[in-house]
Amino acid sequence: MSKLLSAIQQNQESVLNDWVQRLKTATRRRDLIGSRELEVEAAELLSAIVNVPPSTTLEDFNGAGWEPLKEMLANLSISRASLGFTPSETAVFVVSIKPSLFSLARQSAGGNTDEAFEEISVANEFVDKLALFTTDSYIHGRDQVITRQQEEMLELSTPVVTLWDGIVALPLIGTLDSARTQVVMESLLQAIVSTNSRFAIIDITGVPTVDTLVAQHLLKTITAARLMGAECILSGIRPQIAQTIVHLGINLEDVITKSKLSDAFRLALERSGRKVVRMEKTTESSLTNSRGI
Amino acid sequence: MERIPILRMGNYLLVTIQVDMHDKLALTLQDDLTNRISEVSAKGVLIDISSLEIVDSFIGRTLANIASMAKVLDAETVVVGMQPAVAITLVELGMSLPGIRTALNVESGMEYLRDAVANHEERDDFYGDSTED
């Protein structure tokens, strides 16, 4: 065990106090983390530094002895990332231990300036590695958050709603890319099976642009639904999109298209042998009369 | 030899594919079914593929062929219960099977067959009347 490491071990409490003092001034995000929590985390981290196997050195950061510390740091960074800390704020947490270590190194070297310099540069490098490691972990944690959010958005943006017994609708909102269209296709077909629907309405009112690829995917979905025995109606085609479709030379002749979702719904109702009629006013007034009496 | 059973129900033939289709089996089914249609002069054929998980281009084409052959023998064909994954695969293979009638399940498939055959008979009656006049 290096001289500095054993020095830290001996002066664990004073180093911790010093570090926590610095953290309180350095960590600006009081809104995100309490000082008590900060102290606990600092204490845990310091004891992880101190409680390494005797053969571990500060120079050898990739050694097996530092694994528990790394794991702790990674967890810390990931939790900071989800709390909303910036990478530098996360790194500052580790870096602010430096002055305490440096003064400790100076003390343990006595008057020997060369030795003090040696110890300080080793400690410096070690803390830098720790800080870089937190940044890496932070980015990793952020990536995980982003991936999860992407998945959630994908799920949220493709809801299949049942309009009536045997009629489902898929209101599409936002830009359609290949990955999304795949999810759209699968969820629609799955919904057709699970709800036993003869009719499926794909509403593209909320889709800003339709290019050849998107149109091709939509046509594939419609064909697949047909193969399963359900009929698809495409609705919500805005004038600009109609123009684009014709300019691109996309053939939608085999597809039933309606300009409004309500028209598509009406058609689906008609085809499934249903009709919507307006209730006569007289029945309504007679009802109120009878209630009045 | 392995065979897919063909059940007769009045004017209709029912085929439920419960095993994995391989090419030979598909061809055997094609032979058996065409024979059976002419034998009992069936008006409709219902093929249930709901337990089929894999359909390749050959099976898809064979299904389309069966439908066309049945049409020639004056029988309507309806394929029911295609799984989403199978539908996606066929579409990705570029096979939209335009000649095949489809339905979600056996119930709606039978309903379709009944309607189709009823329409057919009505038309026959109409022509029959007109020739008599």
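For the structure given in this document, a descriptive report is provided here. Just so we're clear, the structure is a prediction, and the values are computed from it rather than from any experiment.

**Description of the sheet that holds strand 1 (residues 6-9) of chain B**
Pairing between the strands of a sheet comes from backbone hydrogen bonds, and it takes one of two forms, parallel or antiparallel. All names here are of chain B. One open sheet holds the 5 strands; their spatial order is 1-2-3-4-5, and the pairing between them is mixed. With one partner strand each, in any of the chains shown, strand 1 and strand 5 (101-103) form the two edges of the open sheet. Neighbouring strand axes in the sheet, compared pairwise and without regard to direction, differ in orientation by 25° on average. Here 3 bridges tie strand 4 (residues 76-80) to strand 5, and the two strands are oriented parallel to one another. Its bridge partner being in strand 5, Val80 is matched across the sheet by Ala103. Here helix 2 (residues 57-72) sits on the sheet and contacts strand 3 (44-48) and strand 4; the angle it forms with strand 4, its principal contact strand, is near 155°.

**Some thoughts on the side chain of Lys220 of chain A**
In this fold, Lys220 of chain A is placed in helix 9 (residues 212-228). Classification of Lys220 of chain A by relative accessible area gives buried; the value is 18%.

**Focus: the pairing of strand 1 of chain B**
Residue and element names in this part refer to chain B. Pairing geometry for strand 1 and strand 2 (residues 12-16), over 4 bridges, is antiparallel. Considered in strand 2, the bridge of Arg8 is made with Leu13. The antiparallel hairpin formed by strand 1 and strand 2 contains 2 residues in its connecting segment, where Gly10 sits at a positive phi of about 60°.

**Focus: the interface of chain B and chain A**
Counting residues at the interface gives 17 residues for chain B and 17 residues for chain A. Summed over both sides, the interface of chain B with chain A buries roughly 1,500 Å², with 64% coming from carbon and sulfur. For the salt bridge of Glu92 of chain B with Lys220 of chain A, the shortest nitrogen-to-oxygen distance reads 3.2 Å. Inspection of the chain B/chain A interface yields 6 residue pairs in polar contact (both at pLDDT 80 or more). Sorting the residues of the side of chain B that touches chain A by element identifies helix 3 (84-92) and strand 5 of chain B as the ones contributing at least two each.

**What to know about unusual backbone geometry**
Residues and elements named next belong to chain B. A positive phi angle, close to 65°, is found at Asp74, a residue other than glycine. Here Asp74 is to be found in the loop between helix 2 and strand 4. Its relative accessible area of 35% is what places Asp74 among the partly exposed residues. Its identity as a non-glycine residue notwithstanding, Leu97 has a phi of 45°, on the positive side. Looking at where Leu97 falls in the secondary structure, it is placed in the loop between helix 3 and strand 5. The class of Leu97 is buried, set by a relative accessible area of 5%.

**Focus on the sheet that holds strand 5 (residues 256-258) of chain A**
Residue and element names in this part refer to chain A. With mixed pairing, the 5 strands of this open sheet are ordered in space as 1-2-3-4-5. Strands with a single pairing partner mark the edges of an open sheet, and in this sheet they are strand 1 (161-164) and strand 5. Direction aside, neighbouring strands of the sheet carry axes that sit 30° apart on average. In terms of strand pairing, strand 4 (residues 231-235) meets strand 5 through 3 bridges, oriented parallel.

**A short note on the packing of helix 9 of chain A against helix 3 of chain B**
Axis separation between helix 9 of chain A and helix 3 of chain B bottoms out at 9 Å; the angle between their running directions is 130°. When the interaxial angle is binned, helix 9 of chain A and helix 3 of chain B end up oblique. Crossing hand, helix 9 of chain A versus helix 3 of chain B: right-handed. Of the residues in helix 3 of chain B, those in contact with Lys220, Thr223, Ala224, Leu227 and Met228 of chain A of helix 9 of chain A are Pro84, Ala87, Ile88, Leu90, Val91 and Glu92 of chain B. When the residues that make up the contact of helix 9 of chain A with helix 3 of chain B are grouped by side-chain class, the tally is 8 nonpolar, 1 polar and 2 charged.

**A short note on helix 3 (residues 35-50) of chain A**
Along an α-helix, a turn takes 3.6 residues, which lines up residues three or four apart on a common side. The end-to-end C-alpha distance of helix 3 of chain A, which contains 16 residues, comes to 22 Å, matching closely the 22 Å that a straight helix rising 1.5 Å per residue would cover. If you check which residues of helix 3 of chain A are buried, you get Leu38, Glu41, Ala42, Leu45, Leu46, Ala48, Ile49 and Val50 of chain A.

**Focus: the packing of aromatic side chains**
Residue and element names in this part refer to chain A. Per the counting criterion, the structure on display carries 3 aromatic pairs over all chains. Where Trp66 meets Phe126, the ring centres are 4.8 Å apart and the plane angle is 45°; that geometry is what we call tilted. Here the residue Trp66 occupies a position in the loop between helix 3 and helix 4 (67-83), and Phe126 occupies one in helix 7 (residues 113-156), the gap between them amounting to 60 residues. Seen from the ring of Phe85, Arg80 lies directly overhead, with NZ or CZ sitting 4.9 Å from the centre. The ring of Phe93 has Arg80 lying over it, and the distance from NZ or CZ to the ring centre is 4.8 Å.

**What about the pattern of salt bridges?**
Residue and element names in this part refer to chain B. Counting across every chain of the model gives 12 salt bridges over all chains. Residue Glu76 is joined to Lys71 by a salt bridge in which the shortest nitrogen-to-oxygen separation is 2.9 Å. Assessed through its relative accessible area of 17%, Glu76 is described here as buried.

Parameters at a glance
Residues numbered from 1 in each chain as written. Chains lettered and ligands numbered in written order. Predicted model: local features only at pLDDT ≥ 70, side-chain atom pairs only at ≥ 80, totals over all residues. Heavy atoms only, no water. Pairing = 2+ DSSP bridges. Helix = DSSP H or I, 4+ residues; strand = E, 2+ residues; numbered from the N terminus. Axes fitted to C-alpha atoms, helices over the stretch in contact; angles between N-to-C directions. Contact = heavy atoms within 4.5 Å. Buried < 20%, exposed > 50% of the residue type's maximum accessible area, 1.4 Å probe, protein only. Buried area = accessible area lost by both parts, 1.4 Å probe. Salt bridge = Lys/Arg side-chain N within 4 Å of Asp/Glu carboxyl O. Polar contact = N/O pair within 3.5 Å; in protein donor to acceptor, adjacent residues only side chain to side chain. Parallel < 35°, antiparallel > 145°, perpendicular 65-115°, else oblique. Left-handed = near helix turned anticlockwise from the far one by under 90°. Nonpolar A, V, L, I, M, F, W, Y, C, P; charged D, E, K, R; others polar. Expected span 1.5 Å × (residues − 1). Phe/Tyr/Trp six-rings, centres within 6.5 Å; stacked < 30°, edge-to-face > 60°. Lys NZ or Arg CZ within 6 Å of the ring centre and 35° of its normal.

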